[in-house]
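Observations on chain architecture
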Amino acid sequence: PLTAGNEVKSVVSDQLGRFYLLVGPGKYFVTVDAKMPDASYKTIYKSDVMDLKDGIVPNDIIINR
């Protein structure tokens, strides 16, 4: 069984920040990592836990950098 904090899937967005991901119904959170100038990655956003009854995020995630 999954427990909080387990990574389910990692995806890369396109140049406009769009991505596509299929997940089953459940509770999830989203993290966004940005590539830094030294080629490392840094987490720049972490959502609250979302209860996705249909496996669909109901709205856009807007990140201002």
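Numbering of residues starts from 1 in each chain and follows the order in which that chain's sequence is written. Residue-level local features of this predicted model are given only where pLDDT is at least 70; pairs of side-chain atoms are given and counted only at 80 or more, and the full residue set underlies all totals for whole chains, interfaces and linings. Hydrogens and waters are ignored; side-chain quantities use all the structure's heavy atoms.

1. Here's the deal with the overall build of the chain
Within the chain, the regular secondary structure consists of 0 helices and 4 strands. Principal-axis analysis of the C-alpha atoms places the extent of the chain at approximately 35 × 25 × 20 Å. Burial analysis of the chain (65 residues in total) assigns 12% to the buried set. We call two residues in contact when some of their heavy atoms are within 4.5 Å. Within the chain, contacts between residues separated by at least 24 positions form 26% of all contacts whose residues are at least 6 apart in sequence. Each accessible area value is a Shrake-Rupley result obtained with a 1.4 Å probe; residue values ignore everything except the protein chains displayed when judging cover. Approximately 6,000 Å² of the chain is accessible, and the part contributed by carbon and sulfur atoms is 52%. Here the chain contributes 8 positively and 8 negatively charged side chains, and the mean placements of these two sets differ by 3 Å. Helical segments are the DSSP runs of H or I of at least four residues, strand segments are the runs of E of at least two, and each set is numbered from the N terminus. A 1.4 Å probe rolled over the protein chains alone gives each residue an accessible area, and that area as a share of the maximum for its type sets the label: buried under 20%, exposed over 50%, partly exposed in between. Residues scored as positive are Lys and Arg, those scored as negative are Asp and Glu, and His as well as the terminal groups of each chain are ignored. By convention, the point assigned to a charge is CZ for Arg, NZ for Lys, CD for Glu and CG for Asp.

2. Side note on the confidence of the model for the chain
One rule of thumb: low pLDDT means the predicted coordinates there are not for detailed reading. Confidence of the predictor at the level of single residues is captured by pLDDT, which takes values from 0 to 100. In this model, the chain carries a mean pLDDT of 86, and residues with pLDDT of at least 70 account for 92%. Of all helices and strands in the chain, the one with the weakest mean pLDDT is strand E1 (residues 26–28) (89), whereas strand E3 (residues 41–46) scores best (93).

3. Notes on the environment of Asp-33
Structurally, the position occupied by Asp-33 is in strand E2 (residues 31–35). Assessed through its relative accessible area of 44%, Asp-33 is described here as partly exposed. It is 4.2 Å that separates the C-alpha atoms of Asp-33 and Thr-43, two residues lying 10 residues apart in sequence. Once you skip the residues sitting within four places of it in the chain, Asp-33 turns out to touch Tyr-41, Lys-42, Thr-43 and Ile-44.

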